[in-house]
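Structural overview for review
The chain contents come next:
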Amino acid sequence: MKRVAQFVAAALTVGMMGMHAGAQAQEYPGSKPVSAVVPFSAGGPTDKVARELVMIMSKHLGTTMVIENLGGAGGTIGAKKVAQAKNDGYTILIHHIGMSTAPALYRNLGFDPLKDFETIGEIADVPMVMVGNKNLPPASFKELLPYIKANASKLSLANAGIGSASHLCGLLFLSAIQTDLTTVPYKGTAPALTDILGGQVNLMCDQTTNIAGQLKAGALKPYAAMQSRRVEAFKDIPTAAEQGLPGVEVKIWHAMYAPKGTPKPVVDKLSAALQKAVTDPTFRAKMAELGAEAVPAQRATPESLKTFLAGEIGKWSPVIKKAGVYAD
Ligand code: ASP
């Protein structure tokens, strides 16, 4: 009898917990702010996309969204923090392509991008441009290539750590020209850019979202667009292929995630607000101004991102393994 009573009590508790979670998901987000972790420095490319996005998305979600910058180790520190965060929809992650390259690059990653997150949707595509300090002697990418070979021991290439977009682009570039340069890791390309401008480091492959202002002001030497066609907002910068180095193409994509087990109604509310934000003309215009492109609504969905992420992991793993790069 006592056992039966215990069983009934336990069953009721479980049922009530389920009801409670259901009720919580219905009330989500209420007035509680949502913390969006950006795993790179403030002011950098991921941060810029994230801040423009949450300004608009928070209106559609109905609550404040606060950016938390947690840079380091190519974005893996911030991503791991979100993987381990409470799965109640109040902590989310805004990351980039690094989510798909980290599994091949890190032997002890501490999280699985496919198993430890709920996908919410993609945000924007961002092109990359190889830039240098404006006092570097080569006037073009064509001139830069032999210059790098002749001065390899003196030149440095900045990046945002292993697994970052700048690292990936630099890796493909160095492997294509079969030359090694000293690489200098930062917590994001915002601080790296400061040092490029100051001449402490020489070169960087960066997202246009970070360097649009400096490109327009002529504060950097733009060497090549690292994609198959010229960047719409910077049509005067020729591609690497046009200047004799084909095949070095990286398209950076940003996306949003929640910790695994975040209730589906919560994920759906976040995704619905994201879809409204990426189709908002103000957000689209801001991205275009920075050389980027907001995704269409159908890519800002959990299902679409899930398939895309798995495809990107499959695409980059052999490339990275072949390059023989890893971090511990
Ligand atoms: N997205 C940059 C990179 O991966 C880092 C940043 O956002 O600062 O190089």
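Residues numbered from 1 in each chain as written. Predicted model: local features only at pLDDT ≥ 70, side-chain atom pairs only at ≥ 80, totals over all residues. Heavy atoms only, no water.

A separate point is the overall build of the chain. When its secondary structure is counted, the chain shows 11 helices and 11 strands. Relative to a compact globule of 328 residues, whose C-alpha radius of gyration would be 20 Å, the chain shows 22 Å and is just as compact. For the chain, the C-alpha atoms occupy an extent of roughly 85 × 40 × 30 Å along the three principal directions. By sequence separation, contacts in the chain at least 24 residues apart represent 79% of the contacts at least 6 residues apart. (Helix = DSSP H or I, 4+ residues; strand = E, 2+ residues; numbered from the N terminus. Rg over C-alpha atoms; globule rule 2.2 N^0.38 Å. Contact = heavy atoms within 4.5 Å.)

Before going further, it helps to spend a moment on the sheet that holds strand β9 (residues 220-225). Working definition: the strands of a sheet are paired by backbone hydrogen bonds and lie parallel or antiparallel to each other. One open sheet accounts for 5 strands, arranged β7-β6-β8-β5-β9; its pairing is mixed. Of all strands in the sheet, those bounded by a partner on one side alone are β7 (182-185) and β9. When strand polarity is set aside, the average angle formed by the axes of neighbouring strands in this sheet is 30 degrees. Here strand β5 (residues 128-133) runs beside strand β8 (residues 203-207); their pairing, made up of 5 bridges, is antiparallel. Each bridged residue has a counterpart across the sheet, and for M130 the counterpart in β8 is C205. Along the sheet face, helix α7 (residues 189-198) touches β5, β6 (156-159), β8 and β9 and points at about 140 degrees away from the line of β8. (Pairing = 2+ DSSP bridges. Axes fitted to C-alpha atoms, helices over the stretch in contact; angles between N-to-C directions.)

What follows is about unusual backbone geometry. Looking along the chain, the bond that leaves Y28 and enters P29 is cis, with omega of 0 degrees. Checked against the element boundaries, P29 lands in the loop between α1 (2-27) and β1 (34-38).

Right, let's get into the state of the cysteines. All chains considered together, the criterion is met by 1 disulfide. The side chain of C169 participates in a disulfide bridge whose partner is C205; the two sulfur atoms lie 1.9 Å from each other. On the sign convention where negative is left-handed, the bridge of C169 and C205, at about 40 degrees about the S-S bond, is right-handed. A residue pair is termed long-range when its members are at least 10 positions apart, and C169 in helix α6 (residues 165-177) and C205 in strand β8 qualify at 36 residues. (Disulfide = S-S within 2.5 Å.)

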